[in-house]
Amino acid sequence: MFNSTQLSDKTLEYSKEITTALLGVDRLYRLESGDEEGLVVVDMSAGEFQPEIFADYDEARQRWKKLRTLAEGLPEADRRKYYDQLCHSTLAFIEWRQNGLPFTEQLSSFLHVPAAPASDDQLDELCRQMRDLLNQMGYSGDLVTQFTAWENRTRVPADEVPDVLREMLNQAWDRTETRLHIPAEKSDGMKVCLVSGKAFNARCDYLRRTIELNTDPILTRSGLKHLIVHEAYPGHYVQFKLRETWYREGTAPADGLLSVVNTASSSTFEGIADNGMILLDWIKTDDDRLQSLLNRYRSGIGTGAAWRLHALGWSIEQTTDWLRERALTGGEGWVAGRMRFLSAPARAVLIWSYWWGEAVVTPAYLNVSHDRRPDFLRYLYGRMHSNETVGMFI
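Calculation rules
- Residues numbered from 1 in each chain as written.
- Predicted model: local features only at pLDDT ≥ 70, side-chain atom pairs only at ≥ 80, totals over all residues.
- Heavy atoms only, no water.
- Phe/Tyr/Trp six-rings, centres within 6.5 Å; stacked < 30°, edge-to-face > 60°.
- Helix = DSSP H or I, 4+ residues; strand = E, 2+ residues; numbered from the N terminus.
- Buried < 20%, exposed > 50% of the residue type's maximum accessible area, 1.4 Å probe, protein only.
- Lys NZ or Arg CZ within 6 Å of the ring centre and 35° of its normal.
- Contact = heavy atoms within 4.5 Å.
- Pairing = 2+ DSSP bridges.
- Axes fitted to C-alpha atoms, helices over the stretch in contact; angles between N-to-C directions.

Asks: Could you clarify how one ought to interpret the packing of aromatic side chains in this entry?
Replies: Two aromatic rings are characterised by how far apart their centres lie and by the angle between their planes. A complete count under the given rule lists 20 aromatic pairs for this structure. Here W173 and Y233 contribute two aromatic rings whose centre-to-centre distance is 5.0 Å and whose plane-to-plane angle is 85°, an arrangement assigned as edge-to-face. Within this pair, whereas W173 is found in helix α7 (residues 161–177), its partner Y233 is found in the loop between α8 (221–231) and α9 (236–248), the two being separated by 60 residues in sequence. Taken as a pair, W173 and Y233 share a single burial class, namely buried. When the ring of Y206 is compared with that of Y237, the centres are 5.7 Å apart and the planes differ by 50°; the resulting orientation is tilted. On the criterion of sequence distance, the pair formed by Y206 in the loop between β3 (202–205) and β4 (210–214) and Y237 in helix α9 is long-range, its members being 31 residues apart. On the accessibility criterion, Y206 (1% relative accessible area) is buried. A cation sits over an aromatic face here: R373 above Y365, 4.3 Å from the ring centre.

See the structure below:
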């Protein structure tokens, strides 16, 4: 039987080496690039781990090659696979910084996903499902007309957003507690800060216990519900809180104290958060069901826009027009924010983590029997995962 709480001492010690080496590459990258967000975007170690000092990328490469060899000797099959892929991602990141790396290789080597956008057939099928649902809900006209009417009906006025979010956060915490214990008082949870002009719809600033919510896109009730679940409970706040708590208890690996971009865990990090509505059994209305399809569609057209900009060489203007024509909802604020996100070279591939994450995590969760889901959630939240290792729970 799978022991959901224990990793070998060898793996826990190895994870400490991984942590300092990741911080070392992050330090090197920040110094040479001037990117203030860095490779490690969250560090919960509170100074316990310091960056390994690399004189240059050549020295870092040699260290990561050694770490990849060491990963072969770990006792747990899922840890051997994950850390091998993490090392592969980091070595590819080093190569990108030294010599450049084609966009397609960034996708396959950073994230370990196919180097292709969501297909036209996949996007068409999502549009068909959304249109069928909107028809059932009584909306008429073409898809854009239907979505405009739906968005007008479900839009949350700006002055009501804070109260709506507070109530949703309270409900999401309570629902999460019935399925996955949060080792904190509710007062430790997230507050919301309204922002504008950002490259995200919402962002979890865990260390400040703040969700930054971009008010530029048109905001709907079901959209806000998804964002709260994704960024807070049982999404990113719970991911960070459990990884931090379980590490302090000695049962989780040290590298869980870090959140790293452009790496093997990027897709599952977002997938765990996007699985939140399923985990909470909170898809209760047609609006919720439509929002779920819309989220998937938006991730898909995001990959299409990023592919056109970075792989096909389209201009910002061409890509923005393409995205605007397909956006369906959110207004110009959503298009502008998504383009800010996609156009940053250091974050160019990350939209694929949303497209692949949910597609990997949700089926894995649903395939586990109800009596084994507590163990699976410990496995899912208690260690870092790639798309492949999520399915290695036995």
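Asks: Before we go on, may I ask you to explain the environment of V238 in this structure?
Replies: Note that V238 resides in helix α9. The exposure class of V238 is buried, given its relative accessible area of 1%. Spatially, the C-alpha atom of V238 lies 24 Å from that of R289, the residues being 51 residues apart in sequence. Excluding anything up to four places from it in sequence, V238 contacts T176, L180, I182, A232, Y233 and Y381.

Asks: Before we go on, may I ask you to explain helix α10 (residues 266–274) in this structure?
Replies: An α-helical turn contains 3.6 residues, so a residue and the one three or four places further along point in the same direction. Taking burial as the measure, the nine residues of α10 include nine buried ones, the bulk of the element. Along α10, the residues classified as buried are S266, S267, T268, F269, E270, G271, I272, A273 and D274.

Asks: How should I be thinking about the side chain of S45 in this particular structure?
Replies: Along the chain, S45 falls in the loop between β1 (40–43) and α2 (57–71). Taking the relative accessible area as the measure of exposure, S45 reaches 1% and is therefore buried. Once residues within four sequence positions are removed from consideration, S45 is found in contact with R248 and L257.

Asks: Would you take a moment to explain unusual backbone geometry for this structure?
Replies: A negative phi angle characterises most non-glycine residues, just as the trans form characterises most peptide bonds. Y233 connects to P234 through a cis peptide bond whose omega is 5°. Its identity as a non-glycine residue notwithstanding, H112 has a phi of 60°, on the positive side. With respect to the element layout, H112 can be found in the loop between α4 (103–111) and α5 (120–136). A positive phi angle, near 55°, is found at R209, a position not held by glycine.

Asks: Would you mind showing me how to read the sheet that holds β4 here?
Replies: Paired through their backbone hydrogen bonds, the strands of a sheet run either parallel or antiparallel. Overall, mixed pairing links the three strands, which are arranged β2-β4-β3 in an open sheet. On the outer flanks of this sheet lie β2 (191–195) and β3, each paired with one strand and no other. Pairs of neighbouring strands in the sheet enclose a mean axial angle of 25°, with direction left out of account. The pairing of β3 with β4 spans four bridges and is antiparallel. Its bridge partner lying in β4, R203 is registered against E212.

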